[in-house]
Amino acid sequence: MLFEEFDYFSYQFPEPQYLGAKHTILSWIGKFIPQNISVVLDAFAGSQSVSFLFKQLGFQTITNDFLCFNGKIGEALIENKTYKLDNNDLYLLFQSATNKNDFTLMEDIFTNIFFEREESIFLDNFRANIPLLQNKYKQALAFTVINRSITRKITMGHFAHRQALTYAGNPERIKRNRSLIRPIKDIFEDLLPKYNNAVFDNKRENISFNHNILDILPLLSSIDLVYFDPPYCDSHADYQSFYHLLETYTEYWRNKKFINGTKRYFPLRYSGFDKKRDAIASLKKLFEMSENIPYWLISYNNRSYPCIEEFEQIITKYRNVKIEMKTYRNGRGGKGSVAGSKEILFICSPKKKFFISKNNQPHANNEKLQLLGQPLQK
Ligand SMILES: C[S@@+](CC[C@H](N)C(=O)[O-])C[C@H]1O[C@@H](n2cnc3c(N)ncnc32)[C@H](O)[C@@H]1O
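Residues numbered from 1 in each chain as written. Predicted model: local features only at pLDDT ≥ 70, side-chain atom pairs only at ≥ 80, totals over all residues.

A. How the structure looks around the nonpolar core. Of all hydrophobic cores here, the largest spans 88 residues; its most connected members are Leu-141, Ile-223 and Val-226. When residues of this core are assigned to their parent elements, the largest contribution, 8 residues, is made by helix α7 (residues 136-153). Residues from two domains meet in this core; each of domain 1 (1-80 + 204-237 + 273-378) and domain 2 (82-199) gives at least three. (Core = buried A, V, L, I, M, F, W, Y, C linked by C-beta atoms within 7 Å. Buried ≥ 20, exposed ≤ 12 C-beta atoms within 10 Å, placed from the backbone. Helix = DSSP H or I, 4+ residues; strand = E, 2+ residues; numbered from the N terminus. Domains from an automatic or database assignment.)

And the structure:
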């Protein structure tokens, strides 16, 4: 176990199923976190696995991902200190919704694509009831657990293919993954205790944001360490194709088109990091905007674009860099999740001396964030 002086390691991060999630290599990443820091930013947080480690380590943790469903995990497990879902909440969530006629998106768009009609109706009804929960933390927890339950039900855990219903009729597949034929409600009830038990207070004011990092970074201050884990550009970078259903369900889009066989929403959010044509310019912007953050840790992969040497060259303009490497023996956990691929960590330290803050103030300018024109997710 890492850093045994903290009690928070008795809390367990519920295992995610998310491309590039770092839950299997947290102790390796943890070895390279500098001493004497207090405030950290997880800029591309995804499943929130690294933010959870930061929270366990007692840091004030600011987490961000541009996808709304990931932002909800951040609210539920990083920002949330105490709220869990109890039996009264389950009653509210599972009851027949009074406004169910306004909630038919899953039934209308995804029946016979990912779900049987009955399951789609269950999801619509559950979604209609989420706002009845007492506060945004309970609501975020409900989103987190239902989205995880939906992912369990879909073979391979992503929505860029549409085999789940076919596999649900195949005894061999069912033997390997019983969730294929289990009602989502059962899966939800099974998973909930794991998520409830992962809620804790590390006595810091942690914040979960849901913005493009390039919009939010200039508005954050007094951060000691930033962790960057951008998409694996050139392969498996298209998070919106893989997880579109979770985003659609969480946002409950009423103003998008749903296109192609998988009914992915259109238009997409702009990332800046998932297409070759934007990647280098966006990375440069990212690093320029991070000038005032002394320490940077950057996860990377030897199959990403730009290549490691070019990436290192870009960073050395701003920071001293050391490179650490870990080889995946199996396909689990790492970005690209390919056996034999190498997980890279750029450990970046300042060229000049920095003063590290020891205060406990909020580290975001909320007025400026409101001006971004997006609903503020904190
Ligand atoms: C490699 S994954 C991060 C995995 C994460 N470290 C974990 O352990 O789960 C990259 C993440 O970047 C997010 N992302 C892509 N473009 C972004 C942007 N411009 N701003 C913020 N997040 C972005 C994606 O939604 C995705 O979750």
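B. Main features of the packing of helix α3 (residues 68-79) against helix α13 (residues 244-251). Direction vectors running N to C along α3 and α13 enclose 70°, while the axes themselves pass 8 Å from each other. The angle between α3 and α13 falls in the class roughly perpendicular. Counted together, Cys-68, Phe-69 and Lys-72 of α3 and Leu-246, Glu-247, Thr-250 and Glu-251 of α13 form the full contact between these two elements. Among the residues forming the contact of α3 with α13, the class breakdown is 3 nonpolar, 1 polar and 3 charged. (Axes fitted to C-alpha atoms, helices over the stretch in contact; angles between N-to-C directions. Parallel < 35°, antiparallel > 145°, perpendicular 65-115°, else oblique. Contact = placed C-beta atoms within 7 Å. Nonpolar A, V, L, I, M, F, W, Y, C, P; charged D, E, K, R; others polar.)

C. Structural context of the site of the ligand. Near the ligand you find 26 residues, and of these Gly-20, Phe-44, Gly-46, Ser-47 and Ser-271 are the closest. Going through the elements one at a time, α2 (49-56) and α11 (213-216) are the ones with two or more residues in the shell around the ligand. Taken together, the residues of the shell around the ligand break down into 13 nonpolar, 9 polar and 4 charged. (Near = placed C-beta within 6 Å.)

D. Expanded view of α2. Within α2, 8 of the 8 residues are buried, which leaves the element mostly enclosed by the surrounding structure. Every buried residue of α2 is listed here: Ser-49, Val-50, Ser-51, Phe-52, Leu-53, Phe-54, Lys-55 and Gln-56. Buried positions along α2 lie against α1 (26-30), β1 (39-42), β2 (60-64), α3 and β4 (225-228). Directly beyond the C-terminal end of α2, a positive phi value near 90° is found at Gly-58.

E. Representation of the sheet that holds β4. If you trace the 7 strands from one edge of the open sheet to the other, you get β3-β2-β1-β4-β7-β9-β8, paired in mixed fashion. The open sheet is flanked by β3 (207-209) and β8 (320-327), the only strands paired with a single partner. In this sheet, neighbouring strand axes are inclined to one another by 15° on average, regardless of whether the strands run parallel or antiparallel. (Pairing = 2+ DSSP bridges.)

F. How the structure looks around the pairing of β1. Residue alternation in β1 divides its side chains into two sets, Val-39 and Leu-41 and Val-40 and Asp-42, and both sets are buried. The pairing of β1 with β4 spans 3 bridges and is classified as parallel. In the sheet register, Asp-42 faces β4, and the bridge partner there is Tyr-227.

G. Seen up close, helix α10 (residues 184-196). Taking 1.5 Å per residue as the helical rise, α10 with its 13 residues ought to reach 18 Å, and the 18 Å between its terminal C-alpha atoms agrees with that figure. Along α10, the sharpest change in direction is near 30° and occurs at Asp-190; proline Pro-193 comes one to four residues later. Among all positions in α10, only Ile-184, Ile-187, Phe-188, Leu-192 and Tyr-195 are buried. Of the surrounding elements, those touching the buried residues of α10 are α6 (117-129) and α7. (Expected span 1.5 Å × (residues − 1). Bend = angle between axes of the 7 residues up to and from the residue.)

H. Representation of the environment of Phe-266. Structurally, Phe-266 is set in strand β6 (residues 264-266). Taking the C-alpha atoms as reference, Phe-266 lies 9.7 Å from His-244; in sequence the two are 22 residues apart. Discounting residues that sit within four places of it in the chain, Phe-266 has contacts with Lys-256, Lys-257 and Ile-259.

I. Looking closely at unusual backbone geometry. Here Phe-266 and Pro-267 are connected by a cis peptide whose omega angle stands at -5°. Summarising the element assignment, Pro-267 is placed in the loop between β6 and α14 (276-289). With an omega of 0°, the peptide bond running from Tyr-305 to Pro-306 counts as cis. Of note, Pro-306 is situated in the loop between β7 (295-301) and α15 (308-316).

J. Representation of the environment of Val-199 in the model. In this fold, Val-199 is placed in the loop between α10 and β3. According to the C-beta neighbour criterion, Val-199 is partly exposed, with 18 such atoms within 10 Å. Residues Val-199 and Tyr-83, 116 residues apart in the sequence, show an inter-C-alpha distance of 7.3 Å. Not counting residues up to four positions away in its chain, the partners in contact with Val-199 are Leu-77, Asn-80, Thr-82, Tyr-83 and Lys-84.

K. Spotlight on the pairing of β7. Along β7, 7 of the 7 residues are buried, which leaves the element largely enclosed by surrounding structure. Of the two faces of β7, the one holding Tyr-295, Leu-297, Ser-299 and Asn-301 and the one holding Trp-296, Ile-298 and Tyr-300 are both buried throughout. Relative to β7, β4 runs parallel, the two sharing 4 bridges. Looking at the pairing, Phe-228 lines up with Ile-298 of β7. Relative to strand β9 (residues 342-349), β7 runs antiparallel, the two sharing 6 bridges. For Tyr-300, the partnering residue across the bridge sits in β9 and is Ile-344.

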